[in-house]
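What follows is each chain in one-letter form.
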Amino acid sequence: EAGVAQSPRYKIIEKRQSVAFWCNPISGHATLYWYQQILGQGPKLLIQFQNNGVVDDSQLPKDRFSAERLKGVDSTLKIQPAKLEDSAVYLCASSGPGRPNTEAFFGQGTRLTVV
Amino acid sequence: KQEVTQIPAALSVPEGENLVLNCSFTDSAIYNLQWFRQDPGKGLTSLLLIQSSQREQTSGRLNASLDKSSGRSTLYIAASQPGDSATYLCAVRRNYGQNFVFGPGTRLSVLP
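Residues numbered from 1 in each chain as written. Chains lettered and ligands numbered in written order. Predicted model: local features only at pLDDT ≥ 70, side-chain atom pairs only at ≥ 80, totals over all residues. Heavy atoms only, no water.

Digging into the pattern of salt bridges
Close approach of charged atoms allows side chains of opposite charge to pair.
Line of reasoning, step 1. If you walk through the whole model with that rule in mind, you get five salt bridges over all chains.
Line of reasoning, step 2. A salt bridge links lysine 62 of chain A to aspartate 57 of chain A; the nearest nitrogen and oxygen atoms lie 3.7 Å apart.
Line of reasoning, step 3. The partly exposed category is assigned to aspartate 57 of chain A, whose relative accessible area is 26%.
Line of reasoning, step 4. Its salt-bridge partner being arginine 37 of chain B, residue aspartate 39 of chain B comes within 3.0 Å of it at the nearest N-O pair. (Salt bridge = Lys/Arg side-chain N within 4 Å of Asp/Glu carboxyl O. Buried < 20%, exposed > 50% of the residue type's maximum accessible area, 1.4 Å probe, protein only.)

Written out as structure tokens, the structure is:
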């Protein structure tokens, strides 16, 4: 079974530029998450999708971050414009639709450096 | 608001030791708890998932226990090896379908 795929693996941009990350979840997984992990901290949820609907985006800085999940499969996360404090690893995860096992599987992440 | 803490923040042990990593959460009304491993520069690898009705889960040299009423989980690693060196994260989910809240992790170094 293929895992969660993310691209790119690394990205360096200047502040005020824009950047986009892509995620392809495990086939059949209805739930998709984007997490931000700052160095030395645990991941923090940015947005959660159920199929192509948003379940929770309460911690997403909506003035600069946006995300979409077209057709309930792939997802993109965009930052525009980027700030220095956005430097972090952006992790995508997915989990299956059925009870009781809702184990989450993570991708390798995209390491963003804003200079 | 759920908060998750992990103690210790870092741990260094000689190879072969048995060790325990601790995870505490403030709201005992959880649906499940998951332990992850993260290698430097990599994503998270799922180790064990414990449902709220379970007391423990085992996988090879790993054993995770859950005491929901006291808001605690422990990850026990038997006969540690240098390859176990990584950051270990615990995460809790309040309800089915909701997101995970993560702890800050314990950075483990196993010395040969």
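The rest of the description comes next.
Quick word on the interface of chain A and chain B
Line of reasoning, step 1. Of the residues lining the interface, 25 residues belong to chain A; the matching set on chain B comes to 22 residues.
Line of reasoning, step 2. Across the chain A to chain B interface the summed buried area is about 1800 Å²; carbon plus sulfur atoms make up 46%.
Line of reasoning, step 3. At the boundary of chain A with chain B, the tally comes to zero salt bridges.
Line of reasoning, step 4. Viewed at the interface, chain B and chain A are joined by nine residue pairs in polar contact (both at pLDDT 80 or more).
Line of reasoning, step 5. For the side of chain A that touches chain B, the secondary structure elements donating two or more residues are β4 (31-37), β5 (44-50), β9 (88-95) and β10 (104-106) of chain A.
Line of reasoning, step 6. The biggest single contributor to the side of chain A that touches chain B is β4 of chain A, with three residues.
Line of reasoning, step 7. Grouping the constituent residues of the side of chain A that touches chain B by class yields nine nonpolar, eleven polar and five charged. (Contact = heavy atoms within 4.5 Å. Buried area = accessible area lost by both parts, 1.4 Å probe. Polar contact = N/O pair within 3.5 Å; in protein donor to acceptor, adjacent residues only side chain to side chain. Helix = DSSP H or I, 4+ residues; strand = E, 2+ residues; numbered from the N terminus. Nonpolar A, V, L, I, M, F, W, Y, C, P; charged D, E, K, R; others polar.)

Section: unusual backbone geometry
Line of reasoning, step 1. With an omega of -10°, the peptide bond running from serine 7 of chain A to proline 8 of chain A counts as cis.
Line of reasoning, step 2. Counting through the fold element by element, proline 8 of chain A comes out in the loop between β1 (5-7) and β2 (10-13).
Line of reasoning, step 3. For the bond running from isoleucine 7 of chain B to proline 8 of chain B, omega is 0°, close enough to zero to count as cis.
Line of reasoning, step 4. Note that proline 8 of chain B resides in the loop between β1 (4-7) and β2 (10-14).
Line of reasoning, step 5. One non-glycine residue with positive phi stands out, namely alanine 79 of chain B, at about 45°.

Side note on the environment of serine 52 of chain B
Line of reasoning, step 1. Following the sequence through the fold, serine 52 of chain B ends up in the loop between β5 (44-51) and β6 (56-59).
Line of reasoning, step 2. Aside from chain neighbours lying at most four places away, what touches serine 52 of chain B is Ile30, Tyr31, Asn32, Leu66 and Lys68 of chain B.

Description of the sheet that holds strand β7 (residues 62-67) of chain B
All names here are of chain B.
Line of reasoning, step 1. Taken in spatial order, the five strands line up as β1-β3-β8-β7-β6 in an open sheet, and their pairing is antiparallel. Sheet topology places β1 and β6 at the edges, where each strand pairs with a single neighbour. Across the sheet, the axes of successive neighbouring strands diverge by a mean angle of 15°, strand direction being ignored. (Pairing = 2+ DSSP bridges. Axes fitted to C-alpha atoms, helices over the stretch in contact; angles between N-to-C directions.)

What to know about the side chain of glutamine 6 of chain A
Residue and element names in this part refer to chain A.
Line of reasoning, step 1. Inspection of the secondary structure puts glutamine 6 in strand β1.
Line of reasoning, step 2. For glutamine 6, the side chain forms a polar contact with the main-chain nitrogen of cysteine 92, separated by 3.0 Å.
Line of reasoning, step 3. Contact partners of glutamine 6, with chain neighbours within four places excluded, come to Trp22, Cys23, Trp34, Tyr90, Leu91, Cys92, Gly107, Gln108, Gly109 and Thr110.

None of this, on its own, says anything about what the molecule does.
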